[in-house]
Amino acid sequence: MDHICVCENGNSKAWYKAPGHFNGTLDALIKIVRREGIKSLWSGLPPTLVMAVPATVIYFTCYDQLCAALRVRMGDYAQEAPLVAGAVARVGSATVISPLELIRTKLQAQKQSYRELTDCIRSAVQSEGWLSLWRGLGPTLLRDVPFSAMYWYNYERGKSFLCERYYTREPTLTITFISGAVSGSIASIVTLPFDVVKTRRQVELGELQAKNLSVQVSTSTFSVMSRIVAQDGFGGLFAGFLPRLIKVAPACAIMISTYEFGKAFFRKHNQERILRPLQTSNT
């Protein structure tokens, strides 16, 4: 979950807050809890859930259906089906959910009432058109689509490998958990530069808004990456490596293992419901 700090800026409410001095992930957690309370670690949870639930439903449903269809059609290349299905499913879900993410960001940033938020969105649509609701979709896709493609491909391969190794036809909760954690870790490390660019863009925009200045430099992904490399070296693109890994790996593991457990449970339930009348008629 992205954490956006809210602070007062004169008479306006700016979403940007100059970051404090942290010496690591544990130090940051301790200082945040000490200054803002333990509840601040879950700041922005309600609007995040409002966005996450429909996004997850669309994402997983699209992936399952696409992957099953592609495996039939791709023949000898069926092993690459999760790669394509994951990428396409993420494009679809991100595109549908993008307006909700805009609403979530505005709620976190300015603590507006729903009436004020509605007026703000209506004004933006009238002045800039409906496409304004999908602002920022490009950078989001640059980060999330490669992540999704790599995640599903590595997950399916890892799951198959572990099932063969432990001689089981159906993946256990442990197998799905480990596969999800490892594949999520790999994907998060590879796509970390895009996450750093997104965060840097947010910080730079917040600094400009806090000082009431207009944007003077390019905010394209390549331009931001070039500035990061020039200022901090190539390693700057992988800043925040440990916090992202700590967040993404368990999240992916819990998400996929819960999903697979739910699928297995309802599949078994449906099979029993179909077989029950047949068994009764035979007796």
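The preceding data block contains the structure.
Here goes a summary of the coordinates provided. Since the model is a prediction, treat every value here as computed from it, not as a measurement.

**Considering the packing of aromatic side chains**
Line of reasoning, step 1. By the definition in use, this model includes 11 aromatic pairs.
Line of reasoning, step 2. Ring centres of tryptophan 152 and tyrosine 155 lie 6.0 Å apart, and the angle between their planes is 85 degrees; this geometry places the pair in the edge-to-face category. Note that tryptophan 152 and tyrosine 155 are positioned in helix α5 (residues 137-165) at a spacing of three residues, about one turn of the helix.
Line of reasoning, step 3. Assessed through its relative accessible area of 1%, tryptophan 152 is described here as buried.
Line of reasoning, step 4. Taken together, Tyr59, Phe60, Tyr63, Phe147, Tyr151, Trp152, Tyr155 and Tyr259 form an aromatic cluster joined through their ring pairs.
Line of reasoning, step 5. Its guanidinium or amino end placed over the ring of tyrosine 59, arginine 90 lies 3.9 Å from that ring's centre, counting from NZ or CZ.

**Re the pattern of salt bridges**
Line of reasoning, step 1. Under the criterion given, the structure shown has eight salt bridges.
Line of reasoning, step 2. Here glutamate 156 ties to arginine 71 by a salt bridge, and the two come within 3.7 Å at their closest N and O atoms. Of this pair, glutamate 156 sits in helix α5 while arginine 71 sits in helix α2 (residues 45-73), and the two are 85 residues apart along the sequence.
Line of reasoning, step 3. What makes arginine 71 partly exposed here is its relative accessible area of 39%.
Line of reasoning, step 4. We note a salt bridge from aspartate 195 to arginine 244, for which the minimum N-O separation is 3.8 Å. You can see aspartate 195 sitting in helix α7 (residues 192-210) and its partner arginine 244 sitting in helix α9 (residues 241-282), a full 49 residues away along the chain.
Line of reasoning, step 5. Assessed through its relative accessible area of 14%, aspartate 195 is described here as buried.
Line of reasoning, step 6. The structure contains a network of salt bridges with shared partners spanning Asp64, Arg71, Glu156, Lys159, Glu260 and Lys263.

**Comments concerning a nonpolar patch on the surface**
Line of reasoning, step 1. On the surface, Leu26, Leu29, Ile30, Val33, Ile38, Leu41 and Trp42 cluster together into a nonpolar patch covering about 640 Å² of accessible area.
Line of reasoning, step 2. Counting through the fold element by element, leucine 41 comes out in the loop between α1 (25-36) and α2.

**Points about the packing of α5 against helix α6 (residues 173-190)**
Line of reasoning, step 1. Their axes nearest at 8 Å, the elements α5 and α6 cross at an angle of 145 degrees. When the axes of α5 and α6 are compared, the crossing they make is right-handed. Facing Phe147, Met150, Tyr151, Asn154, Tyr155, Gly158, Lys159, Leu162 and Cys163 of α5, the residues of α6 in contact are Ile175, Thr176, Ile178, Ser179, Gly180, Ser183, Gly184, Ile186, Ala187, Ser188 and Val190.
Line of reasoning, step 2. For the contact of α5 with α6, the class distribution of residues is 11 nonpolar, eight polar and one charged.

**Focus on the nonpolar core**
Line of reasoning, step 1. Counting 16 residues, the largest nonpolar core has Tyr63, Phe147, Tyr151, Trp152 and Ile256 as the members making the most contacts within it.
Line of reasoning, step 2. Mapped by element, the contributors of at least two residues to this core are α2, α3 (81-110), α5 and α9.
Line of reasoning, step 3. A total of five residues in this core trace back to one element, the largest contributor, which is α2.
Line of reasoning, step 4. Not counting chain neighbours up to four residues away, the residues in contact with tyrosine 151 comprise Gly180, Ser183, Gly184, Ala187, Cys252, Met255 and Ile256.
Line of reasoning, step 5. Counting seven residues, the second-largest nonpolar core is a separate cluster that includes Val196, Val224, Met225 and Ile228.

**As for unusual backbone geometry**
Line of reasoning, step 1. Notably, tyrosine 167 is not glycine yet its phi reads approximately 50 degrees, a positive angle.
Line of reasoning, step 2. Looking at the secondary structure, you find tyrosine 167 in the loop between α5 and α6.

**Points about the side chain of serine 148**
Line of reasoning, step 1. Relative to the helices and strands, serine 148 resides in helix α5.
Line of reasoning, step 2. Once residues within four sequence positions are removed from consideration, serine 148 is found in contact with Tyr59, Gly86, Ala87 and Arg90.

**Some words on helix α8 (residues 221-232)**
Residue pairs spaced three or four apart in an α-helix point in one direction, given the helix's 3.6 residues per turn.
Line of reasoning, step 1. Spanning 12 residues, α8 covers 16 Å between terminal C-alpha atoms, matching the ideal 16 Å at 1.5 Å per step.
Line of reasoning, step 2. When α8 is considered as a whole, its buried residues turn out to be Thr221, Val224, Met225, Arg227 and Ile228. Looking down the long axis of α8, one finds its buried residues gathered within 160 degrees of arc, a one-sided arrangement. Facing away from the buried side of α8, by more than 90 degrees, are the exposed residues Phe222 and Ala230.
Line of reasoning, step 3. A positive phi of about 80 degrees marks glycine 233, the residue just after α8.

**As for the side chain of glutamate 156**
Line of reasoning, step 1. According to the relative accessible area criterion, glutamate 156 is buried, its value standing at 10%.
Line of reasoning, step 2. When sequence neighbours within four positions are dropped, the list of residues in contact with glutamate 156 reads Tyr63, Arg71 and Pro82.

The rules behind each value
- Every chain's residues receive numbers from 1 upward, in the order its sequence appears when written.
- In keeping with the predicted nature of the model, local features appear solely for residues at pLDDT of at least 70, side-chain atom pairs appear and are counted solely at 80 or more, and the whole-chain, interface and lining totals rest on all residues.
- Hydrogens and water molecules were not included; the side-chain quantities draw on all heavy atoms of the structure.
- Each Phe, Tyr or Trp ring, with Trp reduced to its six-membered ring, pairs with another whose centre is within 6.5 Å; inter-plane angles below 30 degrees give stacked pairs, above 60 give edge-to-face pairs, and intermediate values give tilted ones.
- Helix and strand definitions here come from DSSP, where helices need a minimum of 4 consecutive H or I residues and strands a minimum of 2 consecutive E residues; each element is numbered from the N-terminal end.
- Accessible area is worked out with a 1.4 Å probe on protein chains only. A residue is then buried under 20% of its type maximum, exposed over 50%, and partly exposed in between.
- In our convention, an over-ring charge means Lys NZ or Arg CZ found within 6 Å of a ring centre and within 35 degrees of that ring's normal.
- Definition used for salt bridges: Asp or Glu carboxyl oxygen within 4 Å of a side-chain nitrogen of Lys or Arg.
- To count toward a patch, a residue needs a relative accessible area over 30% and no salt bridge; like charges are then connected within 9 Å, while nonpolar side chains (Val, Leu, Ile, Met, Phe, Trp, Tyr) are connected within 5 Å.
- Areas reported as accessible are Shrake-Rupley estimates using a 1.4 Å probe. Residue values count occlusion only from the protein chains shown.
- Axes here refer to lines fitted to C-alpha atoms; in helices the fit is confined to the stretch in contact. Angles between the N-to-C directions go from 0 to 180 degrees.
- In this scheme the handedness of a crossing depends on how the near helix is turned from the far one: anticlockwise by less than a right angle means left-handed, clockwise means right-handed.
- Should any heavy atoms of two residues lie within 4.5 Å, those residues are counted as being in contact.
- Three categories are distinguished: nonpolar for Ala, Val, Leu, Ile, Met, Phe, Trp, Tyr, Cys and Pro, charged for Asp, Glu, Lys and Arg, and polar for the others, with Gly belonging to the last.
- To form a nonpolar core, buried Ala, Val, Leu, Ile, Met, Phe, Trp, Tyr and Cys residues must be joined to one another through side-chain atoms within 4.5 Å.
- In this scheme, a helix's expected span is set at 1.5 Å multiplied by one less than its residue total.
- For this quantity, the arc is that covered by the directions from the helix axis to the C-beta atoms.

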